[in-house]
Amino acid sequence: MMKQFKSVLLLVLCCWVLPLNAAYNTALLNLKPLDIDSIGFDGDIQFSLRSNLDRREEVQMMSRRDMESELFRQGIAMGNSDAEVLKVGKALGVEFIIYGEVQMSENGIATTIKMLDIVHERLAKNWNINFSGRNDINEKGAALANGLVKAMAQSLVDAKVEAQTAAKQADAQSAEQFNLLAAFTATSNNKGISLSWQPIASGAYNKYNIYRAETSVGPFTQIAALADTHYLDSQVENKKQYFYKIGLVDASNGLQTEDSNMQTVIYVDESLKNRPLSPTILSVEIGVKQSKITFVPNLDNRSRGHNVYSYKIYRKRQDGGHWLHVGSIRLTSGEPKLSYQYIDKSNIEDGVSYSYAVSAVTKNNESTLSGTEVVISPGTPVLSVGQDNQLREIELAWVVENANGGFYIYRRVAGTTIWQRIADIKQANVRRFIDRKGLLDGTQYEYYVSLVNNGKETDPSNIVTARTKALPATPQNFTAQSGLVKAVQLNWQALADLDIAGYKLYRMKDDGNGFQEGDQLTLVHEIKGVETQSFLDQGSQEAPLLDGTQYHYAIAAMNKFGARGNLSYVASATTKALPKSVGEIQVQVSSTQIQVNWPAPASADIKQFHLSRKWNNQSWVLIRVLPANETQYIDADLKPYAATTYQLIAEDNSGLMSSPIVSNPVINPAKLALKVSKENLLRKIELSWHPQNNITGYKIYRKEEGDADWSKLAVIESASTSRYTDEYKLEDGRRYQYQISALDGELETPASEFVTAQTKAVPQPPKNFTVQSGLVKTVVLRWEKINDTDVAGYYLYKMNDKGRMERLKTIKDRNIVEYTDDGSLFNKLSDGTEYQYAITAYNRFNAEGGRSPIIKATTKPVPAVVATLEASYQNGAVDIRWSANSESDIQMYEVEKASASCSSWRDLATLTASQTKTSDTDVTAGTKYCYRIKAIDSDALESAQWQSTEINIPTTP
């Protein structure tokens, strides 16, 4: 019966043969890997086929998302047998399906590719092809796609012939209806539409597929699959007519046969008036593994008395199945919001079409479902290798349906278990990625990619395998040239690989046993440039190649990351040996030079001699390069007291140097001699010496004559200096001793013989020191000027009341030779008094010399007291008489008068020196009068005391 059904179908379809320029509806299934090594290449081949077929106008490729969505909706697995593929093709409604297998073999990637003509249920093409790698897959993709398109056209031609034969057979057969059910009924009730049935052949079927349509001619959509013989369809709308059919699945072979009966019923919901009004879905935003449903409530529920306390969210797959309650929103306030949102995270699969609906729930009833919103979840990416066998990079490519978000790239080394996320791609439109992160050379890696949205990932893509480029090849024809001076010339054949950055050179110094297995070579040079094919090894500045030494070499190419390939075979070479040294060096010393002698060289290869000299423990210094025929050198460049050694090295015509020969050390004849240039200077001594060569300076020492210890006086940092003036803390009139030594960096030569010098003594007092007496309250002092310019001035001294000499005056100019002593503001010199004086000189350092002898001077005395004074009365007047003073310079006499108490004196008369009397007529009888007199000289000096007298005037004349 099934065979007859197929023939009829084939006859009908044979008339629908596409012309050659039509677009063939085609689906590409997975290529099944038959071993673990082929995993990854299946995706590469699939990607190459799809990419090339997408470019052909004759082919309309079904997207992977649509393919997986439809198969999931119908509950059909993606198999790989011809029967399973035919079933898949019919479910997808395509004309051709491409499928096959991949397996690793000795000849490469063994691949079987089949193409099934779904319309005519025939195998259109079968290819067996080997690929050498991913590049080969990419190169053969276009030709393979071209063969598939030609096979599609040829299959239609072949099917036409088969269809004509089938038509003849179909005419002879009658169409037979399949009536497989008994008591198939459909009735409406308050909960929905109730279906029930019974198979005629009891026990022949193990599953029933329920189909529903809204018209008698369809389309019919599967709404359930179950083993029971009854079903309640609750997802129906009030007053709408529904049509139902049932497909029976044979328990023995799993094939479905459709029953010819169809039931129809109009659903009437009697309880609708008690049910709340449904909400309205505004939008459904679907991402990876989750959806966000936004809906608004029906605001008429409150006015109709429906107290909605929650909303239920439903979801179902578009490819069949029941509505699934995936979540609820419970209301927390009396007033409804303008809109609500719910995020569904419940087992959302990749690349699946879903419908969403929402219902309102009261205490006793639930509304009908809202209008549905259909969305398709993002698909699982299909990954392929764009290009591998590159230097530490692998290019990946992928396709994905309904992408929204970014991508995560995962990687692991083939054969390991731990996956590492190596990239986070934010852009949804990116479909290629080049991995350069930490890749190793010649290593096989596995990759998968997932789509990422809102922190969620799709299921992993298929795993692909790729390999990085192997390490560089080994350079060939590697040679080493001997006999060069401190160098080895190396040559090799350059490699033609643009990924090579240069070469690594390895070396080992021979240990006396030649190069043997197990000896270790050391990396000594990295040579840049892939085209470089020679190198002169001279060692390094720190470690040059040795003379007369054998070295062993190997070379390896290195890539742009510095990783090297295998080492070449070992090549060996020996550097040129050193020349031989001459015999002993003889040294002879005279007072002004040193003569160096050596024997003539024995070898004709000697080009010249290098003569070096060393003083004390200093380094060797080259002093002369001499021709090979010279055997003597006169060294007049001396260094005081230095232990002097000479070194001679022979140089051959290749520039190689012999081992040095060294003379015995001799003491250099140069010596230091110090002398006193000037002495008897004021706190200063001048020294001099002959300057020396090959030193850095001098050190001068000093001590006072008679002291035991020397003190460092000065360090002179110039070797050309030949004079020094000592002015450091010298004292007047002292004898000092000096020594000098030479400095050579940190070294110091022995000191010279000492010399003695004396400083200038303190000054003597000035000569002809005199004083002038007889002056009024003044003494004039005079002395002879000291012409010594080192004398700064003089100190004048005067005897004080305690009998001690006290400094009177400091004369700060040695040219001043006179000084007048008139006392001080509050302590003038006394008249007629003797004073004693002395004088000293002091130098520019205020150092004072010895004092002069003490000399005396007396100031002018005051006039003597008038010797006598008499008063007498006669003729109404008082006559006053006195004796004249003996001093020759008396200028006048002053007479004063007082009343009886002899107080309140008043002037009476001032008389010249020649007068000796005066009279007082202003007297009264019976009154006592007092008179007194003193002498005044020409310097206004007055008698120290008054001479006085008294007189009583009688009362009667």
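Residues numbered from 1 in each chain as written. Predicted model: local features only at pLDDT ≥ 70, side-chain atom pairs only at ≥ 80, totals over all residues. Heavy atoms only, no water.

Identification of the chain as Fibronectin type-III domain-containing protein from Catenovulum sediminis is taken from an unreviewed UniProt entry.

*Asks:* I'd like a rundown of the state of the cysteines, residues and numbers included.
*Replies:* The final tally for this structure, using the stated rule, is one disulfide. Between the sulfur atoms of cysteine 902 and its disulfide mate cysteine 930 the distance is 1.8 Å. An S-S torsion of about -55° defines the bridge between cysteine 902 and cysteine 930 as left-handed. Here the residue cysteine 902 occupies a position in the loop between β61 (890-898) and β62 (906-912), and cysteine 930 occupies one in strand β64 (residues 928-937), the gap between them amounting to 28 residues. With relative accessibility at 24%, the residue cysteine 902 sits in the partly exposed group. (Disulfide = S-S within 2.5 Å. Helix = DSSP H or I, 4+ residues; strand = E, 2+ residues; numbered from the N terminus. Buried < 20%, exposed > 50% of the residue type's maximum accessible area, 1.4 Å probe, protein only.)

*Asks:* A description of the environment of asparagine 130 should follow, citing residues and the corresponding values.
*Replies:* Note that asparagine 130 resides in strand β5 (residues 122-131). By relative accessible area, which is 32% here, asparagine 130 ends up partly exposed. Remark: the alpha-carbon pair of asparagine 130 and isoleucine 667, spanning 537 residues in sequence, is separated by 93 Å. Filtering out sequence-adjacent residues up to four positions away, asparagine 130 remains in contact with Ser105, Asn107, Ile109, Ala110, Thr111, Asp136 and Lys140. (Contact = heavy atoms within 4.5 Å.)

*Asks:* Go over the confidence of the model for the chain, please, and point to the residues and values.
*Replies:* Put simply, the chain has an average pLDDT of 88, and 95% of its residues get 70 or more. In the model, residues 1-21 has pLDDT below 50 throughout and makes 29 contacts with residues more than four positions away in sequence or in other chains. (pLDDT = per-residue confidence, 0-100.)

*Asks:* Describe the pairing of strand β49 (residues 735-744), with residues and values.
*Replies:* Of all ten residues in β49, nine are buried, a share of seventy percent or more. Direction of pairing for β49 relative to strand β51 (residues 755-758): antiparallel, over a ladder of four bridges. Opposite arginine 735, over in β51, you have glutamine 758 as the bridge partner. Linkage of β49 to strand β50 (residues 747-748), two consecutive antiparallel strands, is achieved through a turn of two residues, within which glycine 745 is found at a positive phi near 70°. (Pairing = 2+ DSSP bridges.)

*Asks:* Describe the sheet that holds β62, with residues and values.
*Replies:* Here we have four strands laid out as an open sheet, ordered β62-β61-β64-β65, and antiparallel in their pairing. The outermost strands of the open sheet, each flanked by one partner alone, are β62 and β65 (947-952). With strand direction ignored, the average angle separating the axes of adjacent strands in the sheet is 20°. Relative to β62, β61 is paired through six bridges, and the arrangement is antiparallel. Bridge pairing links tyrosine 893 to leucine 911 in β62. (Axes fitted to C-alpha atoms, helices over the stretch in contact; angles between N-to-C directions.)

*Asks:* How would you summarise the UniProt feature "domain: Fibronectin type-III" (unreviewed entry) in the chain if you had to cite specific residues and measurements?
*Replies:* The feature "domain: Fibronectin type-III" (unreviewed entry), as annotated in UniProt, sits at residues 578-666, 670-762 and 765-862 in this numbering. Between the C-alpha atoms that bound residues 578-666 there is a distance of 29 Å. The span itself is 0% helix and 47% strand. Structurally, residues 670-762 is divided into 0% helix and 52% strand, and its ends, taken at the C-alpha atoms, are 41 Å apart. (UniProt positions renumbered as here; feature names shortened; annotations may be inferred.)

*Asks:* Run through the environment of lysine 87, naming residues and quoting values.
*Replies:* Within the element layout of this structure, lysine 87 appears in helix α4 (residues 82-92). Under the relative-accessibility criterion, lysine 87 is labelled partly exposed at 48%.

*Asks:* Summarise the sheet that holds strand β4 (residues 108-117); cite the residues concerned and give the values.
*Replies:* Read from one edge of the open sheet, five strands run β2-β1-β3-β4-β5, paired in mixed fashion. Both edges of this open sheet fall to β2 (59-61) and β5, since each of them pairs with a single strand only. For this sheet the average axis-to-axis angle between neighbouring strands, irrespective of direction, equals 25°.

*Asks:* Mind laying out the pairing of strand β31 (residues 500-509), listing which residues take part and the relevant values?
*Replies:* Residues in a regular strand point their side chains to alternate faces of the sheet. Where burial is concerned, most of β31 is hidden: eight out of the ten residues are buried. Of the pairings in the sheet, the one linking β31 to strand β32 (residues 522-528) comprises six bridges and is antiparallel in character. Within β32, the position partnered with tyrosine 503 by the bridge is isoleucine 527.

*Asks:* Got a sec to walk through helix α2 (residues 41-54)? Specific residues and values, please.
*Replies:* For α2, with 14 residues, the first-to-last C-alpha span of 20 Å sits near the 20 Å given by 1.5 Å per residue. Counting buried positions along α2 gives eleven out of 14 residues, so the element sits mostly inside the fold. Every buried residue belonging to α2 is among Phe41, Asp42, Gly43, Asp44, Ile45, Gln46, Ser48, Leu49, Arg50, Asn52 and Leu53, and all of these are buried. (Expected span 1.5 Å × (residues − 1).)

*Asks:* Pulling in residues and values, what's your account of the packing of helix α3 (residues 64-74) against α4?
*Replies:* At their nearest, the axes of α3 and α4 sit 10 Å apart, and the two run at 100° to each other. Looking at the two axes, α3 sits roughly perpendicular to α4. Contacts between α3 and α4 involve Met67, Glu70, Leu71 and Gln74 from the former and Val88, Ala91 and Leu92 from the latter. Broken down by class, the residue content of the contact of α3 with α4 amounts to five nonpolar, one polar and one charged. (Parallel < 35°, antiparallel > 145°, perpendicular 65-115°, else oblique. Nonpolar A, V, L, I, M, F, W, Y, C, P; charged D, E, K, R; others polar.)

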